[in-house]
Each structure stands twice: as structure tokens, then as C-alpha cells.
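# Fold and contact review
In case you want the letters, here they are:
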Amino acid sequence: NAGVTQTPKFQVLKTGQSMTLQCAQDMNHEYMSWYRQDPGMGLRLIHYSVGAGITDQGEVPNGYNVSRSTTEDFPLRLLSAAPSQTSVYFCASSYGGRDHTEAFFGQGTRLTVV
Amino acid sequence: KNEVEQSPQNLTAQEGEFITINCSYSVGISALHWLQQHPGGGIVSLFMLSSGKKKHGRLIATINIQEKHSSLHITASHPRDSAVYICAVPSRERGGPFGKGTKLTVNP
């Protein structure tokens, strides 16, 4: 049982490049989400999914795409990277996404866009 | 005004001291979460609580729903407790809101 596996840990992109951050969980969780964490700010929700085939936008979705073809995987795509997307990204999962369920986080991806 | 406010922002303590981190929120909640972010960056869930008090080892979390306030206490603090502690009021559509975190440093 690996929990939430997030790759890569570090990435440097040039402006305009695209990339995919991978997230996988082996706990059969329905709810998966992506956050970004910036200095001086709390975690902010980018996109979330309540199950395979269902995704929705969070607080800061612009510039990012997601898909959920399986329960296990929830990749985050940056279509055309911009310096404003320099941040630390976290994937998380929980059972049902309800208030009383524990969230499990990946180890984070530190992304720098130059 | 932020929906979730934590205090203090930074806290330095000597090993063995009793630590208190505070969280005030302005949104309606059914549960509040405390998270710990390690120096290496990983985040783990410490507590979920909707009333009263919970205890896990040296960590104690309390919540007062009427006053919209929660506290995280660490008894007999240790350098390995050094981390950022984050208070969150989770919702499906927003993920949070999350507090900005309290950076705790415990010196030996």
C-alpha cells in the first residue's frame, strides 16, 4: 500500500513548454484533488475529481487540465507553462471527499518555470 | 479578511516546552483538520475534529464551535516536531480554505 504517489519531485520548465504531473493512489479513494502552494498563501485547489470520468474546477484552474480515466490516476497537465505557475504542487486523495474523511497527500512537486 | 487565520505565523521553542497554535475561522464547518507539513515538504493529516478534543500521543487538538476557534497543543516538544502546522476547513468544491500555516522550530 503506497498511498499517494506523485511524480516528479522536481521539474524545471521553459516558458511555453507543456508537462504532466502524475498522481496515483492505491486506496480506492473516490475523491482526488490537485493543489498549489505558494509562499505566504495557503494551499489552493486547482481541480478535483469525485470519481472516474468526473472532474471539476477548483479555485485556481486556469492554465491546467485534468482527466480521470481510472479511479487510481489523476494527472495534472500544464498546457503552456508560465512563470506564474512556479509553485509546489500537491496531489491528495480521500474517501468520498467529505469533511470527516482523512486526506492523504503526495510528496509534492516543486516546479520552476523560467 | 481570510476565512482561516492562524497564529502565530512563526514559533520558536526550546525542547520540552508546551506549544499552542491557534486557528480561527469565519466559515461554517462540520469538521476542521490539522495538517503537518514536514521540512521535506510532505503533508500528513494529524486530526479531524468537529467538537471537543482529540489526543494522539503528545498532540492535542481542541475545537470550540461557538467561538469558531481551534487549538493544537504539543506537550513536551521535541526537535522532530519542527514543521509547518496547517489548519483547514475542508470542502469538496474548494478543498479548503486553508490557513497559511504556523512554522514551528523546536531547538534542542
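What counts, and at which threshold
- Along each chain, the written sequence defines residue order, and numbers are assigned to residues from 1.
- Written order decides the labels, with chains lettered from A and ligands numbered from 1.
- Confidence filtering applies because this is a predicted model: local features only for residues at pLDDT of at least 70, side-chain atom pairs given and counted only at 80 or more, and all residues used for totals across whole chains, interfaces and linings.
- Side-chain calculation: all heavy atoms of the structure are included, whereas hydrogens and water are not.
- In this description a helix means any DSSP run of H or I spanning at least four residues, a strand means any run of E spanning at least two, and both kinds are numbered starting from the N terminus.
- Computation of the radius of gyration draws on C-alpha atoms alone. For the globule rule, the value is 2.2 Å times the number of residues to the power 0.38.
- Relative accessibility under 20% of the residue-type maximum defines a buried residue, over 50% an exposed one, and the middle range a partly exposed one, all with a 1.4 Å probe and only protein chains included.
- Any two residues having at least one pair of non-hydrogen atoms within 4.5 Å are treated as being in contact.
- Think of a salt bridge as a Lys or Arg side-chain nitrogen and an Asp or Glu carboxyl oxygen that are within 4 Å of each other.
- Pairing between strands is defined by DSSP: at least two bridges between them are needed.
- All axes are obtained by fitting lines to C-alpha atoms, using only the stretch in contact for helices, and the reported angles, taken between N-to-C directions, cover 0 to 180 degrees.

### A few points about the overall build of chain B
Broken down by element type, chain B carries zero helices and 10 strands. In summary, chain B has a C-alpha radius of gyration of 13 Å against a globular reference of 13 Å for 108 residues, a match within 12%. For chain B, the C-alpha atoms occupy an extent of roughly 40 × 25 × 25 Å along the three principal directions. In chain B, which comprises 108 residues, the proportion classed as buried is 46%. For chain B, contacts bridging at least 24 residues in sequence account for 53% of all contacts bridging at least 6.

### Some remarks on the pattern of salt bridges
All names here are of chain A. A complete count under the given rule lists three salt bridges over all chains for this structure. Here arginine 36 ties to aspartate 38 by a salt bridge, and the two come within 2.9 Å at their closest N and O atoms. The same class applies to arginine 36 and to aspartate 38, which are both buried. Put simply, aspartate 38 and arginine 44 hold a salt bridge, and the shortest N to O gap is 2.8 Å. Arginine 44 sits in the buried class, given a relative accessible area of 18%. Counted as one network, the salt bridges with shared partners bring together Arg36, Asp38 and Arg44.

### Comments concerning the sheet that holds strand β5 (residues 43–49) of chain B
Residues and elements named next belong to chain B. The sheet built from five strands is open, its strands ordered β2-β10-β9-β4-β5 with mixed pairing. What marks the edges here is a single partner per strand, and that holds for β2 (10–14) and β5. Along the sheet, successive strands turn relative to each other by an average axial angle of 25°, direction set aside. Both β2 and strand β10 (residues 102–107) contribute to a ladder of five bridges, which runs parallel. By the bridge assignment, asparagine 10 is partnered in β10 with lysine 103.

### Side note on the pairing of strand β9 (residues 87–94) of chain A
All names here are of chain A. In terms of residue burial, β9 counts as a mostly covered element, since eight of its eight residues are buried. Covered by surrounding structure in β9 are Ser87, Tyr89, Cys91 and Ser93 together with Val88, Phe90, Ala92 and Ser94, the residues of both alternating faces. Summarising the sheet, strand β4 (residues 31–37) and β9 pair through seven bridges and their orientation is antiparallel. Directly across from arginine 36, in β9, lies its bridge partner tyrosine 89. With three bridges joining them, β9 and strand β11 (residues 109–113) adopt antiparallel strand pairing. Of the residues in β11, the one forming a bridge with valine 88 is arginine 110. Where β9 and strand β10 (residues 104–105) come together, two bridges link them in antiparallel fashion. Bridged to serine 93 within β10 is phenylalanine 104.

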